[in-house]
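# Remarks on the overall topology
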Amino acid sequence: MADETKKNTTEPAGPRDARLWSLDPEPDTPEMSRRQFFIKLGVGSLVVAGAGTALFAYQYLSPNVLYEPSPVVDAGKPDQYPAESVTLDPATGIYVVRAAEGFYALSAVCTHLGCLTAFKPEQGIIACPCHGSKFRRDGTKIEGPAPKPLPWLRVWLSDEGDLMVDRSTVVPERQYVRV
Ligand code: FES
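Let me sum up the structure you'll find in this document. (Residues numbered from 1 in each chain as written. Predicted model: local features only at pLDDT ≥ 70, side-chain atom pairs only at ≥ 80, totals over all residues. Heavy atoms only, no water.)

It is worth spelling out the pattern of salt bridges at this point. Per the counting criterion, the structure on display carries 3 salt bridges. Taking the shortest distance from any N to any O, the salt bridge between Lys134 and Glu143 comes out at 3.4 Å. Under the relative-accessibility criterion, Lys134 is labelled partly exposed at 27%. Overall, Glu143 belongs to the partly exposed group, its relative accessible area being 39%. In this structure, the salt-bridge partner of Arg174 is Asp138, at a minimum N-O distance of 3.0 Å. Of this pair, Arg174 sits in the segment after strand 10 (163-171) while Asp138 sits in the loop between strand 7 (134-135) and strand 8 (141-143); the two residues are 36 residues apart in sequence, bridging distant segments of the chain. Exposure remark for Arg174: the relative accessible area of 45% places this residue in the partly exposed category. (Salt bridge = Lys/Arg side-chain N within 4 Å of Asp/Glu carboxyl O. Buried < 20%, exposed > 50% of the residue type's maximum accessible area, 1.4 Å probe, protein only. Helix = DSSP H or I, 4+ residues; strand = E, 2+ residues; numbered from the N terminus.)

What follows is the structure, given as structure tokens:
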């Protein structure tokens with residue numbers, strides 16, 4: 001009985017087994033393992049090389065563009081600004097001023113070396129903390145090293161009635177938006 005079991009597990013018994021053996025002409029030898037290793041190594045190298053080429057092609061064909069935020073700021077509804085107020089938006093570096101004549105916007109960036117200025121309500125002026133330049137609420141310079149006044153920026157009302165400010169467009173002074 002033990003001899004029969006041994007015979008069945010080590011040798012093909014019938015024509016079906018012989019056909020299966022013929023599909024695998026080379027038994028699992030050390031040489032076969034080495035060949036399979038090199039085939040896998042070659043396929044792996046091709047995959048890595050292909051991925052590198054695809055990555056290089058993607059980077060080469062992608063536009064080399066720096067996306068910056070829009071210079072246009074939605075400053076909200078006009079009625080949120082009290083009369084005679086000067087409101088700084090530190091995130092965008094602009095003042096929205098509500099004067100008796102209407103609305104206007106100033107750049108809050110000092111024209112000396114670019115520090116962010118601040119409105120001093122107790123004095124009614126705009127002051128730069130870096131080197132002491134001072135400006136009136138209409139942007140004109142009072143004193144300090146700043147070479148120019150704070151520029152006026154383009155302001156308009158959107159279709160929804162919001163105040164819009166374009167930080168990239170300087171306009172002549174005294175251009176008010178009346179609401
Ligand atoms: S940066 Fe404002 S005074 Fe120098």
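The sheet built from 4 strands is open, its strands ordered 5-6-7-8 with antiparallel pairing. The strands lining the two open edges of the sheet, one partner per strand, are strand 5 (118-120) and strand 8. Pairing between strand 6 (residues 125-127) and strand 7: 2 bridges, direction antiparallel. When the sheet's bridge partners are listed, Ile126 is paired in strand 7 with Phe135. (Pairing = 2+ DSSP bridges.)

Attention now moves to a nonpolar patch on the surface. Together, Phe37, Phe38 and Leu41 make up an exposed nonpolar region whose accessible area comes to about 330 Å². As for its position among the elements, Leu41 is in helix 3 (residues 30-61). (Patch = residues over 30% accessible without salt bridge, like charges linked within 9 Å, V, L, I, M, F, W, Y side chains within 5 Å. Areas by Shrake-Rupley, 256 points an atom, 1.4 Å probe, with all protein chains shown as cover.)

Using the criterion set out here, one finds 1 disulfide in the structure. Disulfide pairing places Cys115 opposite Cys130 at an S-S distance of 1.9 Å. Because the torsion about its S-S bond is -95°, the bridge between Cys115 and Cys130 counts as left-handed. Separated by 15 residues along the polypeptide, Cys115 in the loop between strand 4 (102-107) and strand 5 and Cys130 in the loop between strand 6 and strand 7 bring together distant segments of the chain. When its relative accessible area of 37% is taken as the criterion, Cys130 is described as partly exposed. (Disulfide = S-S within 2.5 Å.)

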